Amino acid sequence: MSAHNNGIWSWITTVDHKRIGVMYFVTALVFFVIAGVEALVIRIQLWRPENDFISAETYSQMFTMHGTTMIFLVAMPMAVAFFNFIVPLQIGARDVAFPRLNALSYWTFLFGGIFLNSSFLFGAAPNTSWVAYANLTSSQFSPGHNVDFWLLGLSILGISSIMGGVNFITTIINLRAPGMKLMRMPLFTWMTLVTSFILVTALPVLAVALILLAFDRFFGANFYQPMAGGDPILWQHLFWIFGHPEVYILILPSFGVISDVIPTFSRKPLFGYPIVVYAGIMIGFLGWGVWSHHMFTTGLGPIADAFFVASTMIIAIPTGVKICNWIATMWGGQIRFTTAMLYCIGLLAIFTLGGLSGIMHASAPIDLQQHDTHFVVAHFHYVVAGGVMMGLFAGLYYWFPKVTGRFMDERLGKINFWTYFVGFNLTFFPMHISGIYGMPRRTWTYAAELNIALPNMLSTIGAFIFALSALILVYTIIKSAISGEPAGPNPWNAATLEWSIPSPPPHYNFAEIPTVRSREPLWREEERREIEAVTLKVPDVEPVMPNSSYMPILLAFGVALTWGLVMTGKWWAPVIGLSYVGVCILMWAFEDPFARKGA
Amino acid sequence: MPTTEARPRFFHLTALLLGLMLLGACQGDYPQSSIDPRTDFAETIHSLYVQVTVWTLAILVVVWGVLAYVVIRFRENPNRPAPKQTHGHLGLEIAWTIVPALIVVAIAIPTIRAVFETQTELEGDPLIVEIIGHRYWWEVRYPESGVTTANEIHLPAGRPVTLQMNSADVVHSFWVPQLGGKRDVNPLRRVGPEGEVRGYTYLYFTVREPGVFLGQCAEFCGEGHSLMRMRVVAESESDFNAWLADWQEPSATATAPPPPQDTTIQTPAEDPLVTLGRQTLFTSTCVACHAIQGAPAVGVLGPNLTRIGGRMTIGAGLLENTPENLFRWIKDPASIKPGVQMPGAQEGGGGFPPTNLTDDQIRAIAAYLSSLR
Amino acid sequence: MSDTAVAEDHHYTATGLPTWKVGFWTFLGSECLFFASLISTYMVYKGASTTGPFPADVLNIPLTSVSTFVLLMSSLAMVLALDGVRRGDKRLASFWLAMVIVLGGTFLGFQVYEFTHFVHEGLTISGNVFGSSFFVLTGFHGAHVTVGVIWMTVLFIMSLRGKLTPAEALKVEIAGLYWHFVDIVWIVIFTLIYLLQ
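What counts and what doesn't
- Residues numbered from 1 in each chain as written.
- Chains lettered and ligands numbered in written order.
- Predicted model: local features only at pLDDT ≥ 70, side-chain atom pairs only at ≥ 80, totals over all residues.
- Heavy atoms only, no water.
- Axes fitted to C-alpha atoms, helices over the stretch in contact; angles between N-to-C directions.
- Helix = DSSP H or I, 4+ residues; strand = E, 2+ residues; numbered from the N terminus.
- Parallel < 35°, antiparallel > 145°, perpendicular 65-115°, else oblique.
- Contact = heavy atoms within 4.5 Å.
- Pairing = 2+ DSSP bridges.
- Salt bridge = Lys/Arg side-chain N within 4 Å of Asp/Glu carboxyl O.
- Buried < 20%, exposed > 50% of the residue type's maximum accessible area, 1.4 Å probe, protein only.
- Left-handed = near helix turned anticlockwise from the far one by under 90°.
- Buried area = accessible area lost by both parts, 1.4 Å probe.
- Polar contact = N/O pair within 3.5 Å; in protein donor to acceptor, adjacent residues only side chain to side chain.
- Nonpolar A, V, L, I, M, F, W, Y, C, P; charged D, E, K, R; others polar.
- Core = buried A, V, L, I, M, F, W, Y, C linked by side-chain atoms within 4.5 Å.
- Expected span 1.5 Å × (residues − 1).

Asker: How should I be thinking about the packing of helix 10 (residues 339-362) of chain A against helix 13 (residues 410-436) of chain A in this particular structure?
Answerer: Each pair of packed helices can be summarised by the angle the axes make with each other and by the distance between the axes. Residue and element names in this part refer to chain A. Taken N-terminus to C-terminus, the directions of helix 10 and helix 13 make an angle of 10°; their axes are 10 Å apart at the nearest point. As summarised for this structure, helix 10 and helix 13 are arranged roughly parallel, according to the angle between their axes. Contact with helix 10, carried on its side by Thr339, Leu342, Tyr343, Gly346, Ile350, Leu353 and Ser357, involves Glu410, Gly413, Lys414, Asn416, Phe417, Trp418, Tyr420, Phe421, Phe424, Asn425, Phe429 and His432 of helix 13 and no other residues of that element.

Asker: Mind showing me how you'd approach the sheet that holds strand 5 (residues 160-167) of chain B here?
Answerer: Through backbone hydrogen bonds, the strands of a sheet pair up, either in parallel or in antiparallel fashion. Residue and element names in this part refer to chain B. Reading across the sheet, the 5 strands line up as 3-2-1-5-10 and stay open at both edges, with mixed pairing between neighbours. This sheet does not close on itself; its edge strands, each paired only once, are strand 3 (147-150) and strand 10 (201-206). With direction set aside, neighbouring strand axes in the sheet form an average angle of 25°. Relative to strand 2 (residues 137-142), strand 1 (residues 127-134) runs antiparallel, the two sharing 5 bridges. Opposite His134, over in strand 2, you have Trp137 as the bridge partner. Along the sheet face, helix 4 (residues 237-248) touches strand 1, strand 2 and strand 3 and points at about 100° away from the line of strand 3.

Asker: For this particular structure, what's the right way to read the pattern of salt bridges?
Answerer: Two side chains of opposite charge can pair, provided their charged atoms sit close to one another. All names here are of chain C. Scanning the model with the defined rule gives 28 salt bridges over all chains in all. In this structure, the salt-bridge partner of Arg86 is Glu173, at a minimum N-O distance of 3.1 Å. Highlighted residues: Arg86 in helix 4 (residues 61-87) and Glu173 in helix 7 (residues 169-195), separated in sequence by 87 residues. A relative accessible area of 46% means that Arg86 is categorised as partly exposed. Overall, the relative accessible area of 19% leaves Glu173 in the buried class. Where Glu168 meets Lys171, a salt bridge forms, and the shortest distance between an N and an O atom there is 2.6 Å. The exposure class assigned to Glu168 is partly exposed, which follows from its relative accessible area of 24%.

Asker: Can you walk me through the packing of helix 2 (residues 17-45) of chain A against helix 12 (residues 374-404) of chain A in this structure?
Answerer: Residues and elements named next belong to chain A. Two numbers describe how helix 2 lies on helix 12: the axes approach to 13 Å, and their chain directions differ by 150°. Here helix 2 is positioned roughly antiparallel relative to helix 12, judged by the angle of their axes. Two packed elements cross with a definite hand, and for helix 2 against helix 12 that hand is left-handed. Contacts between helix 2 and helix 12 pair Val22, Phe25, Phe32 and Arg43 from the former with His374, Met389, Phe393, Leu396 and Val403 from the latter.

Asker: Please explain the interface of chain B and chain A as it appears in this structure.
Answerer: It is common to give the size of an interface as the accessible area that goes away when the parts come together. Listed per partner, the contact involves 96 residues of chain B and 101 residues of chain A. Taking both partners together, chain B and chain A bury about 8400 Å²; carbon and sulfur atoms supply 68% of that area. For the interface between chain B and chain A, the tally reads 2 salt bridges. At the boundary of chain B with chain A, the tally comes to 33 residue pairs in polar contact (both at pLDDT 80 or more). For the side of chain B that touches chain A, the secondary structure elements donating two or more residues are helix 1 (2-24), helix 2 (40-73), helix 3 (90-117), strand 7 (183-185), strand 8 (189-191), strand 11 (211-216) and strand 12 (229-235) of chain B. A per-element tally of the side of chain B that touches chain A places helix 2 of chain B first, with 16 residues. In terms of residue class, the side of chain B that touches chain A is built from 51 nonpolar, 26 polar and 19 charged.

Asker: Looking at this structure, I do not really get the nonpolar core. What am I missing?
Answerer: A general trend in soluble globular proteins is that nonpolar side chains are found buried together. Trp235 of chain A together with Phe174 and Leu369 of chain B are the most contacted members of the largest nonpolar core, which has 365 residues in total. The biggest single contributor to this core is helix 3 (residues 56-91) of chain A, with 23 residues. Once residues within four sequence positions are removed from consideration, Leu369 of chain B is found in contact with Leu281, Ile292, Leu305, Ile308, Gly309, Leu326 and Ile330 of chain B.

Asker: Could you clarify how one ought to interpret the sheet that holds strand 12 of chain B in this entry?
Answerer: Residue and element names in this part refer to chain B. Reading across from one edge, 4-12-11 is the order of the 3 strands in this open sheet, with mixed pairing throughout. The sheet is open, and its two edges are formed by strand 4 (152-156) and strand 11, each paired on a single side. Taken over all neighbouring pairs, the strand axes of this sheet differ in orientation by 25° on average, direction set aside. Of the pairings in the sheet, the one linking strand 11 to strand 12 comprises 6 bridges and is antiparallel in character. Bridging across to strand 12, Gln216 finds its partner in Arg229.

Asker: Looking at this structure, how should I read helix 4 of chain C?
Answerer: Since the α-helix turns once every 3.6 residues, residues separated by three or four places project in the same direction. Between its terminal C-alpha atoms helix 4 of chain C stretches 39 Å, which fits the 39 Å expected from 27 residues at 1.5 Å a residue. Positive backbone phi, at 75°, marks Gly88 of chain C, one or two positions downstream of helix 4 of chain C.

Asker: What am I meant to see in unusual backbone geometry here?
Answerer: For residues that are not glycine, phi is negative in most cases, and the peptide bond is trans in most cases. A cis amide bond links Ser503 of chain A with the next residue in sequence, Pro504 of chain A, at an omega value of -10°. Looking at the element boundaries, Pro504 of chain A is found in the loop between helix 14 (453-483) and helix 15 (525-535). With an omega of -10°, the peptide bond running from Gly52 of chain C to Pro53 of chain C counts as cis. Here Pro53 of chain C shows up in the loop between helix 2 (19-45) and helix 3 (55-58). One non-glycine residue with positive phi stands out, namely Asn451 of chain A, at about 65°.

Asker: Hey, could you run me through the interface of chain C and chain B in this one?
Answerer: With 6 residues of chain C in contact, the opposing surface of chain B contributes 6 residues. Around 370 Å² of area is buried between chain C and chain B when both sides are counted, 60% of it from carbon and sulfur atoms. For the pair chain C and chain B, the interface holds 0 salt bridges. In this assembly, chain C and chain B are joined by 1 residue pair in polar contact (both at pLDDT 80 or more). A class-by-class count of the residues in the side of chain C that touches chain B yields 3 nonpolar, 3 polar and no charged.

Written as structure tokens, this is what we have:
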């Protein structure tokens, strides 16, 4: 049985959602370290005015790759790691709906990430920022392969995300255990569902933006060429129609995590469950109507600006409601300050600040001053590094015992949290100040006469504390995975279904699929006993699980290969890759995942 | 340990107060400050900024206050009974939906008013100035008087101004914080069979008092983006008009002085270095891109050098304008400004071959350019 | 197409719908946004070209009406093929699957003719922005039709070999969903590009 096999090939061919989840997390963590190093290089360069630690060109590559990596190779896949490991367990499923497709998503993501980063080997790392505004990205103004790596790498990652989104929507809609009604689902599963809907709808828009750019660059099309009737601002629209929903793709999973963690450590059910769910859906939905608030300076005219001011401000309301509900959940509780809970409280404190500076930019005239300055850099790091990443780390400390059967080291965890908290604030709070005093974003250096050396120096010091925290985190993970204290099935005494099975879970998850009768099944004594009677037993006959398969990695390789061949600029080159992909798809289609070996 | 849990919020508050003190103190020392309004436009933004900051800080204090209270008050305590299993409260939910909604409305109304106010051309005979963004410098044109200059924008104080902006290459953004918000500078598009031109963007403001204000490009435009700086020189209307009148005439040393008509009058002889520089410049490749009014230099790709000697800085706000800096700049501009579209003496740049000028020639050119006042 | 692992293993699903179908509808939702973005781009750019050929110079409504009709008929054939599979009528199923392939192929033939003709008239992907957006939009649609034709060919071979029993009808149904979707997208494209110039 493959699932009992631990060799390297068993990981490469696995279709087990839990193993794929672990691989997603480890890969994202590696990219997190890479992006962190890029951030440190940026901060060293900005240590003092007129510095020349690195060249302007290297600096452009650093901030472009830092942004692209953090968003597409760290924050998104780390959330997907939890989708993978946790969601099937939370809804009482044995795997995701399409296990091989799930493996394909992972390998496509991995190859996309490697493709993007391989640009460093060619000295051609992307250098036009993570938003890559046209027409700077045209072959005229960016003749090298830098932009090619970026746009092709991103489209590979987009394919992976769309497949993942389809998979999780289907899983959550169709594979819930009996009695797991939609309004009984844990909040993390809910937010995964909303996020997945955004993924499958927002990424095609990015795909089109990238395709148009690819046709401009490789086949001489005119989509973003102003002198031929094209419009560089079309890029901005398409990019942000994807880009703002993307912000919610990043934050909603974290909102889901803390909505599960806070009740556990407050010993109270989530306050206003339906409201928190609806607020999440509202945010996901309204997120589609606010994209031009990234374009207040573009010059769309007062009517468009006024509309997007209004729509953006409306989105603040459901967000505020969520924060109120989380605090109300803690109110009257018995709060245990585990590291996971500290990260939740940290998220509440920091995300609130980031959200409020967001309200400042939502006011278009104020944004005319703050847009593209370090004030905005501070804002979105409060939201992403403070909000998104803290939520994900809360999830890490919370679910680690489920994944490995061992606790994360709480003492190291506290050190990790406090260095994170201090380092984070010291890095990003001063950026509000440097931004207010006139430091634009994406600047390699700044004039001494601007008098912003002090906040920049503080930021750089903070960044090193922040980096230290990341190292402590990596060390804690490794140490705890090897020698952490053993944890039982439900070490936190939590309420949801994933805690009803052994830690780590058997490869089939549930010996028998339990029936759910409430929102907090394990907090109701009678229901808990009923469920654990089927979930903790050792089955006489192990449930049949799909076979492992080589097809996902072979097909994912084909996708990356095809995209790589596009870069040759020969129209027939990618056709070779496509033929390979076609053969893989056929073999995939006729592979029986349940075929008996030797039968 | 309740106090440990409360510390982050105190840390935050102190940091915030520290920040505010920094913001409040010594305004004059921050020449690119976005909270030091010097025009009606900047003032509109600033009053809105203050208003929204007060609202958001108030919300922040309340949320952090409640959070701190909850964290301290409801920490685990075996002496308290198990928590009551509440599931929600409709009244509370309605309350914390309506209150933020009201605050949002309170912010949105003045915001939308300001959106329309700041995008309307000002009355009272505005001066139209055309700004053209180039990688990595700013071209400035005064269409009414035909004057073209670069990187130093002279404006009359007290008179409304309309900046009409476009880009010669990629998207830039014009930002002089003390004069108001930024506005993207987009490449012009040709659209439709008639080739209709679209894509101008505008800024409208009146500078209140004379002064020098710093600004720079705020939309990433390539390697030299961080060094695409500029200055705005606001002068009294009479000074501005005098400046403009001067600029409509060629500089006295633009061309060789005519042979003296009346030999009895002693005219001081021209510095031979200037004479040499003039001759060298006009026979070099420099004039393919640069123009000097009244002289046989009519290139349009690079900054117009008419009266460059009178500018405060060279290299788009980068270096103090001295003959030594001019020398360094002409010899190897790429070492000062990465990505610059100008060739140096030994190395090409911007797709152009090296100028192959000797140090002596460059020194002479620098002397000539410095004389153009 | 047998990636129904978990769903097939336990026939219970929370909605009662086959898992493959839910997944495929989700994918089609994603495709909607893809084509919506391409179509919007076309609409923004159709009048923006500075140089010809302009839409009115090259677009041939009568010819494209014929190819549109052909594609519509292929959807009908698809319905009948599915019906054949459901009834277990191998001959009927194979015949109608073949018809889908022939009609789809004919549509592609029209498109190849149209593209070459347009290039002949001077409309290219790099010539003007109408050309860029026209070729990319209709090209991506054509690529979808091509994938559909290949898919149908695989099903056709399976049908001939007797592998498409009524129990396998879901495979044909899903392929049909895809085919009808591509067909509907074409109707939108035909209306917006050709009829409403």
